[in-house]
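Chain by chain, the residues run as shown.
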Amino acid sequence: MSLHCITLKDGADLDGFRRAVRWLIAEELAPQHIVWSLDETSGLFGDEGMSSAPPVSLPRSVARLIELGVCHRDPERYALLYQLVWRVLNGERDLLEIASDPLVHCIDMMAHAVRRDLHKMYAFVRFRRMKGEHLERFAAWYEPEHFILEASAPFFIDRFRSLDWTILTPIGSMRWSRHELTFGPPAQREDAPSKDGFEESWRGYDERVFNSARVNPATRAEMPKKYWRNLPETVPIPGLIQTASQRVDTMIEQEATMPAKRMPERALEAMWDQEPKTLDELNAIIAKAGPLVPGATQAVFGEGPKHADIAFVGEQPGDQEDLQGRPFVGPAGRLFDKAMKEAGIDRSKAYLTNAVKHFKFEQRGHRRIHSKPTAGEVKHYRPWLMKELELVRPKLVVALGGTALLALTGKSTPISRSRGRAQFGPWRGYISVHPSYLLRLPDEASKREAYEAFVNDLRRIHDLAQADPETGELPLAAE
């Protein structure tokens, strides 16, 4: 039997390989009769006839192995994968369970290498803001060992969905425009930004907390030196290692000092000196003062109409709020929107804000985990919250959760003992749970019960906002 040549695109041509497999199996062509080749420009030969070939049913584990295997750089990867498919479909359905089989071992090692490459890409991609852009855009340079660009896309879209970013590599590029993913040609390192201002701040922090004892073989195994030239946090490491003993001696010679606490007096003095007359003026002061705890992307201001009937006060911005610059847009915010709608409250007619204006978090890998603000941090932001409510002049102020209640009253009180009507200085008030509390409950029954109670609170809040401000009497419909 003559040999058949299958030409696929260079890189991870998963779709082309799938079409070829369907046609080859339909034609009953064994692996020894196939020659696989790669071409950067052309696709699969004879594609017109292959598109009508019937689908091939494979075990899910085999399909997943193929998805990883096509990303490997081995030029023989397609030949090896087709051998696997042929044997599975011809009497060896459980072939993958034989780990000692040379073919299975070889493909397993290829898949392991691709998975490790993906893991390294997730860990070591660093976005930098692009200079001269009217709209905020970010770019990163990365050098993968295998053809993993397309395989990595779902992770980066899920993690940075609200950003406009581009990842540039020697094998290709991909761009996420907040709505659409596109792939482009290979790039060079010079095409990506070399640094940005935010990175400089983090580098200073890394230098202050650097511990030379951590630069050991185990650490280098997880962060190989070949990645260092693209990681801003590793740039100062050689110099820090050289001066480590000197810095230790200096630290020992110095007397211990108490950490300096950042106090809000200057920012408050500036606020009262300027006496903001509008929310825009107040927000400008808050933005200029910056976060009490470093790390937040931006201040998240209140949102809604001035003189709204209801002002909801939450705790602090979350990850999505910090990225988007709007309150209540994360998972808890979406649940809050649903509950308000059921209670008859129009979000666009309510004023939504937080007691603390900046996101406080702990960095765990690529995730930013919410950290509850301390009483001192709440105190720092309290004068701004009071001024904000004075400018909005709502009929009713709602404290969502213990942090908001602490900010409005200056006292730490359990929500279970104070839930319901309240008085916050000159404002009529109401106390309820924060919607994030509902997400933390352990089982569906508890979540359902707590959600119904929360919606009932919102219904009472809706009615109270319509009550007579002098007598407090509710409208007839609400009595």
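Residues numbered from 1 in each chain as written. Predicted model: local features only at pLDDT ≥ 70, side-chain atom pairs only at ≥ 80, totals over all residues. Heavy atoms only, no water.

Before going further, it helps to examine the sheet that holds strand β3 (residues 128-129). If you walk across this open sheet you meet the 5 strands as β3-β4-β5-β6-β7, and the pairing is mixed. Looking at which strands have only one partner, the edges of the open sheet turn out to be β3 and β7 (181-184). Taken strand by strand, helix α6 (residues 149-159) contacts β5 (165-169), β6 (172-176) and β7, and its axis lies near 25 degrees from that of β6. (Pairing = 2+ DSSP bridges. Helix = DSSP H or I, 4+ residues; strand = E, 2+ residues; numbered from the N terminus. Contact = heavy atoms within 4.5 Å. Axes fitted to C-alpha atoms, helices over the stretch in contact; angles between N-to-C directions.)

All right, on to the side chain of N354 then. Among the structural elements, N354 can be located in strand β9 (residues 351-354). N354 gets classed as buried once you look at its relative accessible area, which sits at 3%. Not counting residues up to four positions away in its chain, the partners in contact with N354 are V313, G314, E315, Q316, P317, P327, F328 and L385. (Buried < 20%, exposed > 50% of the residue type's maximum accessible area, 1.4 Å probe, protein only.)

On to the nonpolar core. Of all hydrophobic cores here, the largest spans 58 residues; its most connected members are F312, F336, L408 and L458. Dropping the residues within four chain positions of it, L408 is found in contact with V313, R382, L385, M386, L389, V397, A399 and F424. (Core = buried A, V, L, I, M, F, W, Y, C linked by side-chain atoms within 4.5 Å.)

The next subject is the sheet that holds strand β13 (residues 420-424). Strand order in the open sheet made by the 5 strands is β9-β8-β12-β14-β13, with mixed pairing throughout. Either end of the sheet is taken by a strand with one partner, and the two such strands are β9 and β13. Between one strand axis and the next, the sheet turns through 30 degrees on average, direction left out of account. One ladder, built from 5 bridges, connects β13 with strand β14 (residues 427-432); its direction is antiparallel. What sits directly across from Q423, in β14, is R428. Seen against the sheet, helix α19 (residues 444-465) touches β8 (310-314), β12 (396-400), β13 and β14 and runs at an angle of roughly 170 degrees to β14.

The calculated volume of the second largest pocket comes to roughly 1,100 Å³. Together, 39 residues line the second largest pocket, and E315, H370, H434, S436 and R440 are the ones closest to its centre. Those elements giving two or more residues to the lining of the second largest pocket turn out to be α6, α13 (319-324), α14 (331-343), β11 (367-370), α16 (402-409), α17 (415-418) and α18 (435-440). Of the residues in the lining of the second largest pocket, the class split is 15 nonpolar, 15 polar and 9 charged. (1 Å grid on protein atoms, 1.4 Å probe; cavity = no way out; pocket = protein on both sides within 12 Å on 5 of 7 lines; lining within 4 Å. Points joined across faces, edges and corners; volume = space filled by probe spheres on them. Nonpolar A, V, L, I, M, F, W, Y, C, P; charged D, E, K, R; others polar.)

A few words on the pairing of β5. Counting buried residues along β5, 5 of its 5 residues qualify, which places the element largely inside the surrounding structure. Of the two faces of β5, the one lined by W165, I167 and T169 and the one lined by T166 and L168 are each fully buried. On the question of chirality, the crossover connecting strand β4 (residues 138-141) to the parallel β5 by way of α6 is right-handed. When β5 meets β6, the two strands line up antiparallel, connected through 5 bridges. Among the inter-strand pairings, I167 is bridged to a residue of β6, identified as M174. (Right-handed = clockwise from strand over helix to strand, strands pointing away.)

So, on to the side chain of T403. With respect to the helices and strands, T403 occurs in helix α16. Of the residues examined, T403 reaches a relative accessible area of 5% and is grouped as buried. In this structure T403 touches E315, A355, K372, P373 and V378, once residues within four positions along its chain are discounted.

It is worth spelling out the packing of aromatic side chains at this point. The full count for this structure, using the stated rule, is 17 aromatic pairs. Aromatic side chains F155 and F156 sit 5.1 Å apart centroid to centroid with 90 degrees between the ring planes, which places their arrangement in the edge-to-face category. Classification of F155 as partly exposed rests on a relative accessible area of 25%. F156 sits in the buried class, given a relative accessible area of 1%. Of note, R73 hangs over the ring of F147, and the distance from its end group to the ring centre comes to 4.6 Å. It is R368 that lies over the ring of F361; its NZ or CZ is 4.9 Å from the centre. (Phe/Tyr/Trp six-rings, centres within 6.5 Å; stacked < 30°, edge-to-face > 60°. Lys NZ or Arg CZ within 6 Å of the ring centre and 35° of its normal.)

A few words on the environment of A26. Relative to the elements of secondary structure, A26 occurs in helix α1 (residues 14-26). Of the residues examined, A26 reaches a relative accessible area of 42% and is grouped as partly exposed. Note: C-alpha distance between A26 and A53 (27 residues apart in sequence) is 6.6 Å.

Moving on: α14. Taking 1.5 Å as the rise per residue, α14 with 13 residues should run 18 Å; its terminal C-alpha atoms sit 19 Å apart, in good agreement. The complete set of buried residues in α14 reads A332, G333, L335, F336, A339, M340 and A343. When α14 is viewed along its axis, its buried side chains cluster within an angular range of 160 degrees and face the same direction. Residues of α14 that are exposed and point more than 90 degrees away from the buried face comprise R334 and K341. Buried residues along α14 sit in contact with β8, β9, β12, α18 and α19. (Expected span 1.5 Å × (residues − 1). Arc of directions from axis to C-beta.)

It is worth stressing that arrangement in space is one thing and function is another; only the former is reported here.
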